[in-house]
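The residues making up each chain are set out below.
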Amino acid sequence: LYRAQFTWDDGEPQAALALLARVANSPQTIGGTARYLEGAIAADQGLARQAEEKWIEAARLHPTYPQPKDRLARLYLLQYRGEEAAQTLLALRQV
């Protein structure tokens, strides 16, 4: 995960995605973090739908990790999806 983060920070998102693709979903804390990073890279590239899918998966895998829910709520607010934003913010408060 750290290597992928550093690679992305160095301006190589595709290489970072290749590293993250090798991270399994188990253990769920690691898998959830990897899926979150994949979503963050997708969002950085303007791929909102892909980012949303990855953040939903990250939140499912690692429910106590607040970042996916935070980013989802922000995305929903930007897209004027108030009901989904409200639900996500409620779930975030429970973390």
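All of these numbers come straight from a predicted model, not from anything done at the bench.

Student: When you look at helix α5 (residues 66-78) in this model, what are you seeing that I'm missing?
Tutor: An α-helical turn contains 3.6 residues, so a residue and the one three or four places further along point in the same direction. For α5, built from 13 residues, the straight-helix expectation of 18 Å at 1.5 Å per residue is met to within 8% by its first-to-last C-alpha distance of 19 Å. Within the span of α5, buried status applies to Pro 68, Lys 69, Leu 72, Ala 73, Leu 75 and Tyr 76. Across the axial projection of α5, the buried residues extend over an arc of 165 degrees, all falling on one side. Exposed and facing more than 90 degrees away from the buried side of α5 are Arg 74, Leu 77 and Leu 78. Those residues of α5 that are buried are in contact with α3 (28-44), α4 (48-61) and α6 (82-93).

Student: What am I meant to see in the packing of helix α2 (residues 13-21) against α3 here?
Tutor: The geometry of a pair of packed helices is captured by two quantities: the angle between their axes and the separation between those axes. Contact geometry of α2 with α3 gives a least axis separation of 10 Å together with a crossing angle of 160 degrees. Taken together, the axes of α2 and α3 are roughly antiparallel relative to one another. Crossing geometry of α2 relative to α3 is assigned as left-handed. Seen from α2, the contacting residues are Pro 13, Ala 16, Leu 17, Leu 20 and Ala 21; seen from α3, they are Ala 34, Arg 35, Leu 37, Glu 38 and Ile 41. Per-class residue counts for the contact of α2 with α3 are 8 nonpolar, no polar and 2 charged.

Student: Would you mind showing me how to read the nonpolar core here?
Tutor: Here is a general trend for soluble globular proteins: nonpolar side chains tend to be buried in one another's company. Leu 20, Tyr 36, Ile 41 and Trp 55 are the most contacted members of the largest nonpolar core, which totals 19 residues. Mapped onto this core, the elements with two or more residues apiece are α2, α3, α4 and α5. Ranked by residue count, the leading element in this core is α3, at 5 residues. Ignoring sequence-local partners within four residues, the contact set of Trp 55 consists of Tyr 36, Gly 39, Ala 40, Ala 43, Pro 68, Arg 71, Leu 72 and Leu 75.

Cut-offs applied
Chains are numbered independently. Their residues run from 1 in the order of the written sequence. Local features in a predicted model are, by the rule used here, given only for residues with pLDDT of at least 70; side-chain atom pairs are given and counted only at 80 or more, and totals for whole chains, interfaces and linings are based on all residues. The side-chain values count all of the structure's non-hydrogen atoms but skip hydrogen atoms and water molecules. For helices the rule is a DSSP run of H or I covering at least 4 residues; for strands it is a run of E covering at least 2, with both sets numbered from the N terminus onward. Here the expected span of a helix is defined as 1.5 Å times the quantity of residues minus one. Burial classification: accessible surface area is computed with a 1.4 Å probe over protein chains only, and a residue below 20% of its type maximum counts as buried, one above 50% as exposed, and the rest as partly exposed. The directions from the helix axis to the C-beta atoms form the arc being described. Note on contacts: a residue pair is in contact if any heavy atoms of the two residues lie within 4.5 Å. Structural elements are reduced to axes, namely lines fitted to C-alpha atoms, with helices fitted over the stretch in contact, and the angle between N-to-C directions of any two is expressed from 0 to 180 degrees. Any angle between 65 and 115 degrees counts as roughly perpendicular, while under 35 counts as roughly parallel, over 145 as roughly antiparallel, and the rest as oblique. Handedness of each helix crossing follows the sense of rotation of the near helix against the far helix: counterclockwise by less than a right angle gives left-handed, clockwise gives right-handed. Note on residue categories: nonpolar means Ala, Val, Leu, Ile, Met, Phe, Trp, Tyr, Cys or Pro, charged means Asp, Glu, Lys or Arg, and polar means any other residue, Gly included. Among buried residues, the Ala, Val, Leu, Ile, Met, Phe, Trp, Tyr and Cys ones that are joined through side-chain atoms within 4.5 Å form a nonpolar core.

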